[in-house]
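The primary structure of each chain is shown beneath.
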Amino acid sequence: MILNKTYWSSMFTCTARLMKENKKLLSEIDSKFGDGDHGVTIAKIADIFEVAVEEWKSNEWTLHDFFATIGDRVINVSGGSAGPLYGTFLAGLGECLSDETEADAPLLKRILHSGLVELQFLTNAKVGDKTMMDTLIPAINAATQGPDDVVEMLKLAKDAALAGAKASEGFVSKFGRAKSYKEATIGTPDAGALSCTYIFLGFYEAVIS
């Protein structure tokens, strides 16, 4: 499978839909130990995805252009650290690219790895710290270590993302406002870890539909 403009558009559209559908859930989780606005922020990010996909229809963007456009806009979304974190990751997806307009499995591995590397320049959070990295790191590791098959890669990433979000329930928060609650955060999934699953769920849904 080759991920062309049509596939990438569908991948981000599916992700945006899942983000919006779970807006209330994300804010409810975030309200327990945070500001309670994570769902609102994620819905703003979803809006950016949808607008960029529409703009892409009338623009000859490369994949680098598309990721850079989305990332730059998401970085400036108000609402805590989610904007800068997601924006850095999304813009980072294109840092390994030049003028490519589609991606095969080996290139997809490079794209995902590039996004993670760029984000790790911004945060030193790791698996177990109860952040979006509980989802992102396992998902990307699963994809990049998997076979050179787009569908199988994204299935592995999706499964690892869901497992990571579930595992975050057992961790103590070490970042943001939630860290002040210490062991009280055990038993609740991290809102960022959960919202991050929608990227991989959306990507997988798009390639199998």
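Placed above this text is the structure.
Residues numbered from 1 in each chain as written. Predicted model: local features only at pLDDT ≥ 70, side-chain atom pairs only at ≥ 80, totals over all residues. Heavy atoms only, no water.

Draft legend 1. Broad picture of helix α7 (residues 133–144). End to end, α7 covers 16 Å across 12 residues, agreeing with the expected 16 Å (1.5 Å per residue, within 8%). Those residues of α7 that fall on the buried side of the exposure criterion are M133, D134, T135, L136, I137, A139, I140 and A143. Where the residues of α7 are buried, they touch α5 (82–92), α6 (105–122), α8 (150–167) and α9 (191–208). (Helix = DSSP H or I, 4+ residues; strand = E, 2+ residues; numbered from the N terminus. Expected span 1.5 Å × (residues − 1). Buried < 20%, exposed > 50% of the residue type's maximum accessible area, 1.4 Å probe, protein only. Contact = heavy atoms within 4.5 Å.)

Draft legend 2. Summary view of the nonpolar core. Residues W8, F12 and L136 are the most contacted members of the largest nonpolar core, which totals 65 residues. The element best represented in this core is α9, accounting for 11 residues. Leave out the neighbours within four places in its chain, and F12 touches F49, V53, F66, F67, I70, L90 and F203. (Core = buried A, V, L, I, M, F, W, Y, C linked by side-chain atoms within 4.5 Å.)

Draft legend 3. The packing of α5 against α6, seen in detail. Across the interface, α5 lies against α6 with an axial gap of 7 Å and an inter-helix angle of 140°. Taken together, the axes of α5 and α6 lie oblique to each other. In this structure, the crossing between α5 and α6 has a hand that is right-handed. Here α5 contributes P84, L85, T88, F89 and G92 to the contact with α6, which in turn contributes L112, S114, G115, L116, E118, L119 and L122. A per-class count over the contact of α5 with α6 returns 7 nonpolar, 4 polar and 1 charged. (Axes fitted to C-alpha atoms, helices over the stretch in contact; angles between N-to-C directions. Parallel < 35°, antiparallel > 145°, perpendicular 65-115°, else oblique. Left-handed = near helix turned anticlockwise from the far one by under 90°. Nonpolar A, V, L, I, M, F, W, Y, C, P; charged D, E, K, R; others polar.)

Draft legend 4. Focus on the pattern of salt bridges. Applying the stated criterion across every chain yields a total of 12 salt bridges. We note a salt bridge from D129 to K126, for which the minimum N-O separation is 3.7 Å. Of the residues examined, D129 reaches a relative accessible area of 2% and is grouped as buried. Ionic pairing is found between K166 and E169, a salt bridge with its closest N-O pair at 3.3 Å. A residue is classified by how much of its surface remains accessible, and K166, at 54% relative accessible area, is exposed. Residue class for E169 comes out partly exposed when judged on its relative accessible area of 23%. Several salt bridges share partner residues, and in doing so they unite R17, E21 and E205 into one network. (Salt bridge = Lys/Arg side-chain N within 4 Å of Asp/Glu carboxyl O.)

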